[in-house]
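Take a look at the letters that make up each chain.
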Amino acid sequence: MKVSIYGSGYVGLVTGACLADVGHHVLCVDVDESKIALLKSGGIPIYEPGLDAIVKRCIAEGTLEFTTSAEEGTAFADVQFIAVGTPPDEDGSADLQYVLAVANSIATHMDRPKIIIDKSTVPVGTADRVSAKVRRILDERGLDIHYDVCSNPEFLKEGSAIPDFMKPDRIVIGSEDPHTIEVMRELYEPFNRNHERLVIMDVRSAELTKYAANAMLATKISFMNEISNLAERLGADVENVRRGIGSDPRIGFHFIYPGCGYGGSCFPKDVKALASTAKEIGYHAELLNAVEGVNERQKAVLLQRIKEHFGDDLTGKRFAIWGLSFKPETDDMREASSRVTIAGLLEAGATVCAYDPVASEEAQRILGDDERIEYAADKHAATEGADALIIHTEWKAFRVPELDVLEEKLNNKVIFDGRNLYAPEELKTHGWTYYAIGRGDSVKGNA
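Residues numbered from 1 in each chain as written. Predicted model: local features only at pLDDT ≥ 70, side-chain atom pairs only at ≥ 80, totals over all residues. Heavy atoms only, no water.

Draft legend 1. Seen up close, the side chain of Ser 337. Position of Ser 337 among the secondary structure elements: in helix α14 (residues 337-347). Overall, the relative accessible area of 5% leaves Ser 337 in the buried class. If near-sequence neighbours (up to four positions away) are discounted, Ser 337 is found in contact with Cys 260, Lys 299, His 392 and Arg 419. (Helix = DSSP H or I, 4+ residues; strand = E, 2+ residues; numbered from the N terminus. Buried < 20%, exposed > 50% of the residue type's maximum accessible area, 1.4 Å probe, protein only. Contact = heavy atoms within 4.5 Å.)

Take a look at the structure:
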């Protein structure tokens, strides 16, 4: 099957590569000429484990191609995926200008029936807007060409997007057109062999399903962070609480790890967008607003504890930061809690030396050239001469603390851990002051 995909970011590129890897012929379209040039050469504009190998293999096999021409993309296939960004607008609503621009391009160039698939995360009612845009352009062209707009939301986790696509929990198809449903079933057949994963529903329900899923996961995270704040004030250990409630199959262990807030391209944007949609229809989504509020407050937790320990004026202090990306196995810095901490440290007069296995380059791009921020070549270099260590991302490389090396490198035996990587009692035994999330007051050693 021939497939055109507009947008070559996380969703578009992963979707295109995985479809091409099972034998479909995919053409990815993007307006960014430098990105397309990079992809044609076998390079990858994002970090996603396993993606580079698939892209290179499919390019070599001729199943994956790239272009900047919307006209070429429209002519190439009858199945047209829209996978462009939907960034938050000033009021938190999803900005649909790029989605509608693609719809405009397809309608401008199409000369035969098309199935237009919304893969981007879009508010309920977007399919109607896309359909209206296409109809208006076709009317202006004096053409009566059949098309259908289908919702097919993605459920990919950054860092594990390839296995998520190849072995999906579910494949949501929002359409009531029998032909569209049959085409989508054929398209996803290679990923639907062991048991039925297709969930067929109307378009609006499919659009809401994506937002509901992300909002539920974000809610679990904010709930656990709220419990962690209670645990600290009540003298309880949130790790014990987590194990206690996670063993209940109705709750489960997924997404109940306390920390310094969620980030990335999905949860913050989608919770805000769903709350904005609710506001537009006159409904106050109190829980969604609370989820976002708790998360914003949680992102400031580490900075607050640093100031409680060292004082509000951090002039002359130097801090080592392990982890910059919002989660492991990605270089995504969008809405990362590390950005809140770094901004606060700099404002208070401190300097920073940071290390991340893959996100340092992206961090430099986002944070800019600032002489107060250094980027270390490895985790131990980051701690050299620092007054304390701050942990923001739970990369595997950080899970074994190597306390003897840290003691040699750091000026003080102090760790601020935003991901609860270590055992407090072990650090106490070795004389460390260890600030974790929801594990009681700071653990202070005797050395």
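That covers the picture; the talk isn't over yet.
Draft legend 2. The arrangement of the environment of Arg 365 in detail. Relative to the helices and strands, Arg 365 resides in helix α15 (residues 360-367). Look at Arg 365 and you get exposed, because its relative accessible area is 60%. A sequence separation of 112 residues divides Arg 365 from Phe 253, and the C-alpha atoms of the two residues are 35 Å apart. A polar contact of 2.7 Å, which involves the side chain of Arg 365, links it to the side chain of Glu 362. (Polar contact = N/O pair within 3.5 Å; in protein donor to acceptor, adjacent residues only side chain to side chain.)

Draft legend 3. How the structure looks around the UniProt feature "active site" (unreviewed entry) in the protein. Here, the residues flagged by UniProt with the feature "active site" (unreviewed entry) are Cys 266. When you line up the elements, Cys 266 lands in the loop between α10 (238-246) and α11 (267-280). (UniProt positions renumbered as here; feature names shortened; annotations may be inferred.)

Draft legend 4. Local environment of the packing of helix α13 (residues 301-310) against α14. α14 packs onto α13 with a crossing angle of 35° between their chain directions and a minimal axis gap of 8 Å. Between α13 and α14, the contacting residues are Leu 302, Leu 303 and Ile 306 on the first element and Val 340, Thr 341, Gly 344 and Leu 345 on the second. The class makeup of the residues in the contact of α13 with α14 is 5 nonpolar, 2 polar and no charged. (Axes fitted to C-alpha atoms, helices over the stretch in contact; angles between N-to-C directions. Nonpolar A, V, L, I, M, F, W, Y, C, P; charged D, E, K, R; others polar.)

Draft legend 5. Quick peek at the sheet that holds strand β13 (residues 414-417). Pairing is parallel across the open sheet formed by 6 strands, whose spatial order is β11-β10-β9-β12-β13-β14. Each of the sheet's edge strands pairs with one partner strand only, and the pair in question is β11 (373-375) and β14 (433-435). Along the sheet, successive strands turn relative to each other by an average axial angle of 20°, direction set aside. One ladder, built from 5 bridges, connects strand β9 (residues 318-322) with strand β10 (residues 351-355); its direction is parallel. Bridging from a neighbouring strand, Trp 322 pairs with Tyr 355 of β10. (Pairing = 2+ DSSP bridges.)

Draft legend 6. Molecular detail of the pattern of salt bridges. Going through the model one piece at a time under the given rule, you end up with 28 salt bridges. The closest approach of N and O atoms between Asp 332 and Arg 334, which form a salt bridge, is 2.9 Å. When its relative accessible area of 4% is taken as the criterion, Asp 332 is described as buried. For Arg 334, a relative accessible area of 38% corresponds to the partly exposed category. For Glu 362, the salt bridge goes to Arg 365, with nearest N and O atoms at 2.7 Å. You can see Glu 362 and its partner Arg 365 sitting in helix α15, 3 residues apart, about one turn around the helix. Overlapping salt bridges bring together Asp 78, Asp 111, Arg 112 and Lys 114 as one network. (Salt bridge = Lys/Arg side-chain N within 4 Å of Asp/Glu carboxyl O.)

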